[in-house]
Amino acid sequence: MRQTLPLRGFDEDLRESLADALETQGISLYRGKTIASVEQDGLARTVHLTDGTMIETGLVFSAIGRVANTAGLGLDRAGVETDGFGAVTVDAEGRTSQENIFAIGDVTDRLNLTPVAIAEGHSLADRLFGPGPRHWDLDAVATAVFSSPPLATVGLTEAAAAARGPADIYVSRFTPMRHTLSGRKRRTMMKLVVDQASQRVVGAHMLGEDAPEIVQGLSIAINCGATKADFDRTVGIHPTAAEEFVTMRTRTRVAGAQTAAAAE
């Protein structure tokens, strides 16, 4: 991986937890590395990294990113602006630099998820042909990575929340009961990010079994503006891993506090 942790853009605790989980399973991570070349000899392949490291393997899969497929559409002749990677530039309503042209979905490179494209399509259809647009908070869209173990996230990362003001951070790491019984070395990490001023829960992050299912439910609460007190007065289902989200009482740390103090 080019960086020292996987999944750029995700919360740092999630990234660190996934890296630890992968290595626990015996997966070798080459951190801060890039591929210089690949040689093939029959079914065998040798991957040469830029630092001189060589990896002997039978299969190579390189995930190097993607760009919007807009070349050849004549957007420049239509006066539709794009960014340096070919993505169509839009405002919050999906309108391009041309008043009568809209763009939705991955071509805008805002949040490249199928449900988001569908939601944007609904909103645009209502704007053009219905009673008015539906409004979606792109900061509170849940998403998942179906790794092993899976992870899921909704809302702001700790860093993003801290940039807006002081945030209370709650983190819990534990071995779920199923793996206490099975003996497998599978750890779960759960995290809540709370805006200190309003006490609204602005982010929830989880790595562990059933994370996508659990965070999908939490995304409803976060979109409804639930506070930490709302979480605290919710009775959990025992024994489940999910109950940890409503039993985290002790604050782990405060993020952004130094920035706030310096401003004062």
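These remarks concern the structure in this document.

Rules used in this analysis
Residues numbered from 1 in each chain as written. Predicted model: local features only at pLDDT ≥ 70, side-chain atom pairs only at ≥ 80, totals over all residues. Heavy atoms only, no water. Helix = DSSP H or I, 4+ residues; strand = E, 2+ residues; numbered from the N terminus. Buried < 20%, exposed > 50% of the residue type's maximum accessible area, 1.4 Å probe, protein only. Pairing = 2+ DSSP bridges. Phe/Tyr/Trp six-rings, centres within 6.5 Å; stacked < 30°, edge-to-face > 60°. Lys NZ or Arg CZ within 6 Å of the ring centre and 35° of its normal. 1 Å grid on protein atoms, 1.4 Å probe; cavity = no way out; pocket = protein on both sides within 12 Å on 5 of 7 lines; lining within 4 Å. Points joined across faces, edges and corners; volume = space filled by probe spheres on them. Nonpolar A, V, L, I, M, F, W, Y, C, P; charged D, E, K, R; others polar. Axes fitted to C-alpha atoms, helices over the stretch in contact; angles between N-to-C directions. Core = buried A, V, L, I, M, F, W, Y, C linked by side-chain atoms within 4.5 Å. Contact = heavy atoms within 4.5 Å.

## Some points on unusual backbone geometry
Okay, so step 1: For the peptide bond that leads from Ser148 to Pro149, omega is 0°, which places it in the cis range.
Okay, so step 2: Turning to its location among the elements, Pro149 is positioned in the loop between strand 4 (143-145) and strand 5 (151-155).
Okay, so step 3: Residue Pro239 is reached from His238 by a cis peptide bond, and omega for that bond is 0°.
Okay, so step 4: Secondary-structure assignment places Pro239 in the loop between helix 7 (228-232) and strand 9 (253-255).
Okay, so step 5: Its identity is not glycine, yet Asp210 carries a phi of approximately 65°, on the positive side.
Okay, so step 6: With respect to the helices and strands, the residue Asp210 is situated in the loop between strand 8 (201-207) and helix 6 (211-223).
Okay, so step 7: Classification of Asp210 by relative accessible area gives partly exposed; the value is 39%.

## Points about the pairing of strand 7 (residues 188-195)
Okay, so step 1: Of all eight residues in strand 7, seven are buried; the element is thus mostly enclosed.
Okay, so step 2: Pairing of strand 7 with strand 8 involves six bridges; the strand directions are antiparallel. Paired with Leu192 across the strands is Ala204, a residue of strand 8.
Okay, so step 3: Here strand 7 folds back onto strand 8 in antiparallel fashion, the turn holding five residues, of which Gln199 has a positive phi close to 65°.

## What about the pairing of strand 2 (residues 44-49)?
It is a general feature of regular strands that their side chains alternate between the two faces of the sheet.
Okay, so step 1: Pairing of strand 1 (residues 35-41) with strand 2, which is carried by six bridges, proceeds in the antiparallel orientation. The residue of strand 2 that forms the bridge with Gln40 is Arg45.
Okay, so step 2: Hairpin connection of strand 1 to strand 2: two residues between the antiparallel strands, including Gly42 at a positive phi of 70°.
Okay, so step 3: Pairing of strand 2 with strand 3 (residues 54-57) involves four bridges; the strand directions are antiparallel. Bridged to His48 within strand 3 is Met54.
Okay, so step 4: Counted between consecutive antiparallel strands, the loop separating strand 2 from strand 3 contains four residues, among which Gly52 sits at a positive phi close to 95°.

## Quick look at the packing of aromatic side chains
Okay, so step 1: With the rule as written, the count across this model stands at zero aromatic pairs.
Okay, so step 2: Just above the ring of Tyr170 sits the side chain of Lys228; from NZ or CZ to the centre is 4.4 Å.

## What to know about the layout of surface pockets
Okay, so step 1: The calculated volume of the second largest pocket comes to roughly 490 Å³.
Okay, so step 2: Along its surface, the second largest pocket is lined by 20 residues, and Pro115, Val141, Ala142, Thr143 and Gln216 are the ones closest to its centre.
Okay, so step 3: Where the lining of the second largest pocket is concerned, the elements lending two or more residues are helix 3 (114-129), strand 4 and helix 6.
Okay, so step 4: A class-by-class count of the residues in the lining of the second largest pocket yields 14 nonpolar, four polar and two charged.

## Remarks on the sheet that holds strand 3
Okay, so step 1: Spatially, 1-2-3 is the arrangement adopted by the three strands of the open sheet, whose pairing is antiparallel. With partners counted over all chains shown, the strands left at the sheet margins are strand 1 and strand 3, one partner each. With strand direction ignored, the average angle separating the axes of adjacent strands in the sheet is 20°.

## Quick look at the nonpolar core
Okay, so step 1: Within the largest apolar cluster, 21 residues are counted, with the highest numbers of intra-cluster contacts made by Leu192, Ala204, Met206, Phe231 and Phe245.
Okay, so step 2: Elements supplying a minimum of two residues to this core: strand 5, strand 6 (167-174), strand 7, strand 8 and helix 6.
Okay, so step 3: When residues of this core are assigned to their parent elements, the largest contribution, five residues, is made by helix 6.
Okay, so step 4: Apart from the residues within four sequence positions on either side, Ala204 is in contact with Ala152, Thr153, Val154, Lys191, Leu192, Leu218, Ile222 and Phe245.
Okay, so step 5: With 18 residues, the next largest nonpolar core counts Leu5, Leu151, Ala167 and Val171 among its residues.

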